[in-house]
Amino acid sequence: MNYNTLDEESKKKIYTELNEASNFLGGVNFFLQMIEDVREEKPKALLNKTATFHYSKGKISWTKSIYKETLDIVYEAMRNEERSGDILKGIPTKDYKKTMNMMRALNSVTVTVYPKEGEEFTLDILDTTTAKQTKFSLMFKTIFFYNIDFVKTVLIGK
């Protein structure tokens, strides 16, 4: 996602959501530190079998283990969403079943961030607020996938 090409309403919505999350964690620097710790984890933090990831200022846990095959499908679906605006729009027929199974598996999964200082907050992986249009939630993409520069641009304005 290119923040600079978005309209003002979208920018304001993204800023509000990320700023609220950073306030729960104790500030922008704590939020950025969490994202950097998640990015440095090899293999990906989401692949932990215990469904928990400890970072320097707290821990992140989710309600169900995520497997490598599912994460690969998440990458593909996220790319498709960035192009078309929906996870399922325009995907090849052969990938439809795998994508639907991934969506069923992750629909009930919630991610909770427990900072050592600050308040915990919960986010869903999939955003199903619009009928017949499923997307990945902005916070999920920001924490686990988007470049750290995106967050810095939104919150700090660099």
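It should be noted that the structure appears before, not after, this text.
These lines cover the structure that appears in this document, whether it is placed above or below. Chains are numbered independently. Their residues run from 1 in the order of the written sequence. The model is predicted, so local features are restricted to residues of pLDDT at least 70 and side-chain atom pairs to those at 80 or more, both for listing and for counting; the totals for chains, interfaces and linings are taken over all residues. Processing note: side-chain calculations cover all non-hydrogen atoms of the structure and skip hydrogens and water entirely.

Digging into the side chain of N48
Counting through the fold element by element, N48 comes out in the loop between α2 (28–40) and β1 (52–55). Looking at N48, its side chain comes within polar contact range of the main-chain oxygen of T52, at 2.8 Å. When checking whether two residues touch, look at their non-hydrogen atoms; a contact exists if any pair is within 4.5 Å. In contact with N48, other than residues within four places in its own chain, are E41, F53, W62 and S65. Runs of H or I in DSSP of at least four residues are treated as helices and runs of E of at least two as strands, each being numbered from the N terminus. Within 3.5 Å is the distance limit for a polar contact, defined as a pair of N or O atoms, with the added protein rule that one can donate a hydrogen and the other accept it, and that residues adjacent in sequence qualify only through two side-chain atoms.

Some words on the packing of helix α1 (residues 8–25) against helix α6 (residues 148–155)
Interhelical geometry of α1 versus α6 gives an angle of 100° and a closest axis separation of 9 Å. Considering their axes alone, α1 and α6 lie roughly perpendicular with respect to each other. Between α1, through I14, Y15, L18, N19 and S22, and α6, the contact on the second element is made entirely by F150, V154 and L155. Looking at the contact of α1 with α6 residue by residue, the classes come out as six nonpolar, two polar and no charged. Angles here are taken between N-to-C directions and fall from 0 to 180 degrees, while the axes themselves are lines fitted to C-alpha atoms, restricted in helices to the stretch in contact. With respect to orientation, any angle under 35 degrees is reported as roughly parallel, any angle over 145 as roughly antiparallel, any angle of 65 to 115 as roughly perpendicular, and every other angle as oblique. Each residue gets one label: Ala, Val, Leu, Ile, Met, Phe, Trp, Tyr, Cys and Pro are nonpolar, Asp, Glu, Lys and Arg are charged, and the others, such as Gly, are polar.

Some remarks on the environment of K98
Tracing the backbone shows K98 in helix α4 (residues 93–107). Any residue under 20% of the maximum accessible area for its type is buried, any over 50% is exposed, and the rest in between are partly exposed; the area is computed with a 1.4 Å probe on protein chains only. Its relative accessible area of 45% is what places K98 among the partly exposed residues.

Examining the sheet that holds β1
If you walk across this open sheet you meet the four strands as β1-β2-β3-β4, and the pairing is antiparallel. Every other strand in the sheet has two partners, leaving β1 and β4 (121–124) as the edge strands with one partner each. Direction aside, the axes of adjacent strands within the sheet are offset by 15° on average. With five bridges connecting them, strand β2 (residues 58–62) and strand β3 (residues 110–115) associate as antiparallel partners. In the strand pairing of β3, S61 is matched with T112. Those strands touched by α2 are β1, β2 and β3, and its axis lies near 120° from that of β1. Note on pairing: two strands pair once DSSP finds at least 2 bridges between them.

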